[in-house]
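# What the coordinates show
Here is how the chains run, residue by residue.
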Amino acid sequence: NLVFSMSYIYIDESGDLGTKHGSSKYFIMAAIKVEDSKKLEKIIKKTRRDFKKKMLTSNEVKGGNLPYELKIKILEKLKNIDYEVFIIVFDKENRYKIGYGDNKKAYDILASRLAKLINIDKPTFIFIDKSKNKQEEIDSFNELFLDNLNNIKKQPITIEHADSMHYKGLQMADLISWSTFQNFENDNPEFLDIIKNRVVKLVCEN
């Protein structure tokens, strides 16, 4: 019985790339990498079940709309599984450093900076919260992202731009990027401090 070992990576972002008044100061992109995606699903499903009586308003776990205790509980439960977290933090004051004419381009460039942090050592499925609809935008994102991953052994990689409603892993990535956003945008490290196995990189800082 050959058991194929796989990695699963889920990516989501917090903040925005806008320049209008009221836009965020930071843009955050976070990836969580696991060998066993079922364990992530279990954490979210079980914690949600425990909280059913608190009348959750949405079927989707999102950092912004969860009760405080539920966020803490989900993040605490991460300690029970093997995972790695990779996060890039972009202070938009540095937008001129990435040729910021076009938000879609900027998004792709920042995602490629995230890719540089990630080592690929086995066949990998990558799920990214869907923000693009045009096929050529998806293709150009994928190409840049794949070029920047540390995939020395040329492992096969599949990228899917998916709706977070359908993937608990994306909901976890949302909570992680939200937690990081709280730390940088709102000076509240409480949530990020719970996430242990993490690499946080400030991009375009120097």
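Here's a quick rundown of the structure. (Residues numbered from 1 in each chain as written. Predicted model: local features only at pLDDT ≥ 70, side-chain atom pairs only at ≥ 80, totals over all residues. Heavy atoms only, no water.)

## Considerations on helix H1 (residues 37-51)
Along its 15 residues, H1 runs 22 Å from first to last C-alpha, staying within 8% of the 21 Å computed at 1.5 Å per residue. If you check which residues of H1 are buried, you get Ser37, Leu40, Ile43, Ile44, Thr47, Arg48 and Phe51. Down the axis of H1, the buried side of the element spans an arc of 125 degrees, and every buried residue falls inside it. Those residues of H1 that are exposed and angled more than 90 degrees off the buried face are Lys38, Lys42 and Arg49. On its buried face, H1 sits against strand E1 (7-15), strand E2 (26-34), helix H2 (68-77) and helix H5 (168-185). For H1, the N-terminal capping position is held by Asp36, with its side-chain oxygen 3.0 Å away from the main-chain nitrogen of Lys38. (Helix = DSSP H or I, 4+ residues; strand = E, 2+ residues; numbered from the N terminus. Expected span 1.5 Å × (residues − 1). Buried < 20%, exposed > 50% of the residue type's maximum accessible area, 1.4 Å probe, protein only. Arc of directions from axis to C-beta. Contact = heavy atoms within 4.5 Å. Polar contact = N/O pair within 3.5 Å; in protein donor to acceptor, adjacent residues only side chain to side chain.)

## Observations concerning the packing of aromatic side chains
Scanning all chains against the criterion turns up 10 aromatic pairs. With a centroid separation of 6.0 Å and an interplanar angle of 15 degrees, the aromatic rings of Tyr8 and Phe125 are classed as stacked. With Tyr8 in strand E1 and Phe125 in strand E4 (residues 124-129), this residue pair connects regions lying 117 residues apart in the sequence. Here the aromatic cluster, defined as three or more aromatic residues joined through ring pairs, consists of Tyr8, Tyr10, Phe125, Phe127 and Tyr167. (Phe/Tyr/Trp six-rings, centres within 6.5 Å; stacked < 30°, edge-to-face > 60°.)

## Let's talk about the nonpolar core
Ranked by internal contacts, the top residues of the largest apolar core, which has 36 residues, are Tyr10, Ile32, Leu78, Met172 and Ile176. Every element with two or more residues in this core is listed here: E1, E2, H1, H2, strand E3 (84-91) and H5. The biggest single contributor to this core is H5, with seven residues. Among residues more than four places away in sequence, those in contact with Ile176 are Ala30, Ile32, Leu78, Val85, Ile87 and Ile195. With 28 residues, the next largest nonpolar core counts Ile98, Ala111, Ala115 and Phe145 among its residues. (Core = buried A, V, L, I, M, F, W, Y, C linked by side-chain atoms within 4.5 Å.)

## Some thoughts on the packing of H2 against H5
For any two helices packed against each other, one specifies the crossing angle of their axes together with the interaxial distance. The N-to-C vectors of H2 and H5 enclose an angle of 110 degrees; their axes lie 11 Å apart at closest approach. It follows from the interaxial angle that H2 and H5 lie roughly perpendicular. For the pair H2 and H5, the contacting residues are Lys71, Ile74 and Leu75 in the first and Met172, Leu175, Trp178 and Ser179 in the second. Classifying every residue of the contact of H2 with H5 gives five nonpolar, one polar and one charged. (Axes fitted to C-alpha atoms, helices over the stretch in contact; angles between N-to-C directions. Parallel < 35°, antiparallel > 145°, perpendicular 65-115°, else oblique. Nonpolar A, V, L, I, M, F, W, Y, C, P; charged D, E, K, R; others polar.)

## Looking at the pattern of salt bridges
Applying the stated criterion across every chain yields a total of nine salt bridges. Close ionic contact of Glu35 with Lys122 constitutes a salt bridge, the shortest N to O distance being 2.4 Å. Taken together, the positions of Glu35 in the loop between E2 and H1 and Lys122 in the loop between helix H3 (103-115) and E4 put the pair 87 residues apart, joining distant regions of the chain. The closest approach of N and O atoms between Lys45 and Glu41, which form a salt bridge, is 3.9 Å. Placement of the pair is Lys45 and Glu41 together in helix H1, with a separation of four residues, close to one helical turn. (Salt bridge = Lys/Arg side-chain N within 4 Å of Asp/Glu carboxyl O.)

## Thoughts on the sheet that holds strand E5 (residues 157-162)
The six strands are arranged E5-E4-E1-E2-E3-E6 in an open sheet whose pairing can be described as mixed. With one partner strand each, in any of the chains shown, E5 and strand E6 (198-203) form the two edges of the open sheet. Here the average twist between neighbouring strands, direction ignored, is 15 degrees. As judged from the eight bridges shared by E2 and E3, these two strands associate in the antiparallel manner. Paired with Tyr26 across the bridge in E3 is Asp91. In the packing of H5 onto the sheet, contacts are made with E1, E2, E3, E4, E5 and E6, and the angle to E1 comes to roughly 40 degrees. (Pairing = 2+ DSSP bridges.)

## Thoughts on the pairing of E3
Of all eight residues that make up E3, seven are buried, and the element is covered over most of its length. Where E3 and E6 come together, six bridges link them in parallel fashion. Bridge pairing in E6 places Phe90 opposite Val203.

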